[in-house]
Amino acid sequence: MLWFRSLSLVVLSAAALQSHVAPVHAIITTDQYFSYTNLFPKFSGVLCPELSLASLTSQPDVVPSLTKLNDFFDPSGILFLGSGTYRVKQNLKLTKTIYAEAGAVFEVASGVTLTISAAVSHPDTTFFTGPGTVQWGPAGPEFNLNPVVPVDWFGAKGDGVTDDAAAIQRAFDSAPSTVRFAAKVYRITRAVTVKAGVFSDKGAVLQGLGSSVTGLLFPNGASGQLQLPTLKGFGRALQTSGGLTASIPSISSSGVGIYVLHPGTSGGFGIRVDVSSMAKVGRAVVFKSAAAPVNWNLYLQGSAIRVGLFDDMSTKVAKALVHFEGPYRIGWDSNHFEFGEVRASVASGFALLRCDPSVCSSDSNPLPKINLFVTKALQPLSADSKLLDGYMTDCELRLRLTAPLTPAQTATQNVFSNSFIFYDPSAIGSRVYKPVTTPDITLFKQQNFGQPVHATRFNLQLPQQAWKQGDRKMFYLYHQLAQNKKLYYITEARYGGMCNSVTGVAVTSMIDNSGTAWKPGSRDYEVMIEVMACRSIAATDVVKLVILAGSPGWP
């Protein structure tokens with residue numbers, strides 16, 4: 001085959017081919033166009049019988065021949081490698097495009113480096129063997145190269161039985177732009193350190209051997225958008241100590257889904273991870289510092305982690321959706337976690353958001369500004385589960401409930417300015433607060449689960465007593481609803497003096513005595529409610545008001 005742009009054409013004699021190529025193919029080029037012409041077996045016994053594939057693959061060291069072929073004519077051209085083993089016993093750099101048939105294998109000797117600075121075509125089978133080094137170098141002059149390297153090229157089998165850890169690690173160590181996982185099950189017995197981008201075919205799975213194995217390890221994070229394989233059977237499915245952006249089809253049968261470990265030295269980062277589903281996972285996300293901070297300019301901030309489904313109904317191993325783990329404390333604020341549906345039917349100890357006592361030790365040192373949303377359905381929790389476990393402030397939970405929450409489940413430690421926003425008011429009908437008739441926060445807590453109000457929608461049951469039409473009474477409630485140093489707007493469903501035909505009362509006044517803005521050091525905010533009887537009310541009647549908390553920022 002010949003392509004040419006002008007009439008200049010290089011004609012090679014058999015002697016010239018023999019002296020320059022010693023090879024697989026002769027390359028015929030013109031000014032810009034190139035071609036490769038297979039000399040065997042088409043011309044075997046006719047022109048150059050010495051140019052057989054067998055003669056090249058039988059050489060103890062192909063470097064001299066391939067060097068001549070690679071340097072032959074100008075930089076354009078294609079190196080064609082037929083099936084067979086090509087032994088590389090000296091350092092070799094190839095800059096021409098490589099087209100290799102199935103079964104073509106480079107065997108690189110110990111202490112030797114094979115550098116490829118060109119595009120490569122090879123099936124998803126083993127392409128590199130031997131103890132030597134394979135690396136992807138700078139692009140050749142004809143190409144702007146961003147190689148995507150299958151882990152199969154380095155010997156990964158993907159049969160679900162063979163330990164592919166060493167082969168996968170060699171793929172990353174070769175420094176390509178991106179490493180690719182095919183639609184196979186790759187089993188590993190140790191962590192794989194990720195040093196490049198990752199692309200995974202649909203159906204690709206990386207499977208570990210249990211709690212002692214970490215899956216993908218990112219010591220410095222990663223750049224670009226990573227498309228990771230399904231992760232299954234690890235102690236920590238993914239561990240990063242740097243920023244990254246990734247999507248994962250699923251994580252299952254693992255102690256921790258996403259483990260974010262700050263090195264404890266300097267600076268900080270955030271991550272963006274989307275996971276379609278997690279099943280049989282103890283903790284979805286863990287944030288931790290590896291060492292005591294050398295200064296206070298350390299942070300893990302600005303993260304956004306989304307999980308479509310968190311399902312622990314069958315194994316009951318889940319302990320937390322998000323866990324801030326001790327013993328060292330750094331800047332952990334302004335992180336966002338979003339779950340679609342949460343099925344966490346556990347025996348004991350589960351929390352949506354947990355912070356260890358060693359890092360959230362008191363109400364003077366709480367965990368601040370964390371958002372956790374469950375947007376589709378929070379399935380019923382065990383009796384001793386909690387929404388928040390630890391000292392926290394200015395955190396927001398938005399939950400779409402499927403069953404009422406008990407006082408114990410919504411109980412918090414001495415925290416402030418947290419808000420619980422429940423999307424389904426019918427699911428929290430059992431949460432009823434009782435106001436006090438005098439401004440007394442201690443009495444209010446005694447009557448209401450030992451804490452101020454955290455929910456943004458709740459029922460307020462007035463004391464049972466006889467009312468005459470036109471009577472006006474004042475009541476007090478206390479809340480901790482604030483976000484980003486701004487109070488929530490507290491109101492009543494029919495506020496404005498309108499009589500409620502069911503309750504027989506009208507809310508004529510609601511006054512927030514906390515002031516017009518968040519106060520440093522404040523814990524409890526007082527709301528005064530004036531209620532008027534629209535008709536006579538018996539002492540046995542139960543009167544409930546529906547109280548709402550609007551968005552922060554008012555007034």
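### A short note on the sheet that holds strand E37 (residues 472-479)
Spatially, three strands are ordered E37-E41-E40 in an open sheet, and the strand pairing comes out antiparallel. At either margin of the open sheet sits one strand with a lone partner, and together these are E37 and strand E40 (505-512). This sheet shows a mean twist of 25 degrees between the axes of neighbouring strands, independent of strand direction. Inspection of the sheet shows E37 paired to strand E41 (residues 525-533) by eight bridges, in the antiparallel sense. Its bridge partner being in E41, Phe475 is matched across the sheet by Ile529.

### Describing the sheet that holds strand E9 (residues 120-121)
Strand order in this open sheet of three strands is E3-E6-E9, and the pairing throughout is parallel. Both outer strands of the open sheet, strand E3 (78-81) and E9, are each paired with one neighbouring strand and no more. Bridge count between E3 and strand E6 (residues 97-100): four bridges; the pairing is parallel. The residue bridging Phe80 from the neighbouring strand is Tyr99, located in E6.

### What to know about the state of the cysteines
Counted according to the given criterion, the structure contains two disulfides. There is a disulfide in this structure between Cys355 and Cys360, and the S-S distance comes to 1.7 Å. Where Cys355 bonds to Cys360 through sulfur, the torsion about that S-S bond is close to 65 degrees, and the disulfide is right-handed. An identical accessibility class is assigned to Cys355 and Cys360; each is buried. Here Cys499 connects covalently by a disulfide to Cys534, the sulfurs 2.0 Å from one another. In this structure the cystine formed by Cys499 and Cys534 twists about its S-S bond by roughly -90 degrees; its chirality is therefore left-handed. Highlighted residues: Cys499 in the loop between strand E39 (486-492) and E40 and Cys534 in the loop between E41 and strand E42 (544-552), separated in sequence by 35 residues. The partly exposed category is assigned to Cys499, whose relative accessible area is 39%. Across the protein chain, the disulfide pattern expressed with sequentially numbered bonded cysteines is 1-2, 3-4. In this model Cys395 remains outside any disulfide bridge; the closest cysteine sulfur is found in Cys360, 8.6 Å from its own.

### Considerations on helix H4 (residues 165-173)
Within the span of H4, buried status applies to Ala165, Ala167, Ile168, Gln169, Ala171 and Phe172. On its buried face, H4 is in contact with strand E13 (159-163), strand E14 (178-181), strand E15 (185-187), strand E16 (192-193), strand E17 (197-200) and strand E18 (205-218). One or two steps after H4, the chain reaches Ala175, where phi turns positive at roughly 60 degrees.

### Regarding the pattern of salt bridges
By the definition in use, this model includes 13 salt bridges. Its salt-bridge partner being Arg343, residue Asp311 comes within 3.3 Å of it at the nearest N-O pair. Placement of Asp311 in strand E25 (residues 304-311) and of Arg343 in strand E27 (residues 335-343) is noted, with a sequence separation of 32 residues between them. Note that Arg343 is salt-bridged to Glu341, the shortest N-O span being 3.0 Å. Each of Asp124, Arg180 and Asp201 takes part in salt bridges that share partners, so that together they form one network.

### Describing the nonpolar core
Across soluble globular proteins, you tend to see nonpolar side chains buried next to one another. In terms of nonpolar packing, the biggest core is built from 105 residues, with Phe310, Phe339 and Leu352 touching the most fellow members. Here the element with the most residues in this core is strand E23 (residues 272-289); it accounts for seven residues. Setting aside residues up to four positions removed in sequence, Phe310 forms contacts with Met278, Val281, Ala284, Ala318, Leu321, Phe339, Glu341, Val342, Arg343, Ala344 and Phe350. The next biggest cluster of nonpolar side chains, apart from the first, holds 29 residues, and it includes Leu481, Tyr488, Val507 and Ile529.

### Side note on unusual backbone geometry
Gly326 connects to Pro327 through a cis peptide bond whose omega is 10 degrees. Among the structural elements, Pro327 can be located in the loop between strand E26 (320-325) and E27. The phi torsion at Ser253 lies on the positive side, around 50 degrees, for a residue other than glycine. As for its position among the elements, Ser253 is in strand E21 (residues 245-262). Here the phi dihedral of Lys280 falls at roughly 60 degrees; this positive angle occurs in a residue that is not glycine. Positionally, Lys280 belongs in strand E23.

Analysis parameters
Residues numbered from 1 in each chain as written. Predicted model: local features only at pLDDT ≥ 70, side-chain atom pairs only at ≥ 80, totals over all residues. Heavy atoms only, no water. Pairing = 2+ DSSP bridges. Helix = DSSP H or I, 4+ residues; strand = E, 2+ residues; numbered from the N terminus. Axes fitted to C-alpha atoms, helices over the stretch in contact; angles between N-to-C directions. Disulfide = S-S within 2.5 Å. Buried < 20%, exposed > 50% of the residue type's maximum accessible area, 1.4 Å probe, protein only. Contact = heavy atoms within 4.5 Å. Salt bridge = Lys/Arg side-chain N within 4 Å of Asp/Glu carboxyl O. Core = buried A, V, L, I, M, F, W, Y, C linked by side-chain atoms within 4.5 Å.

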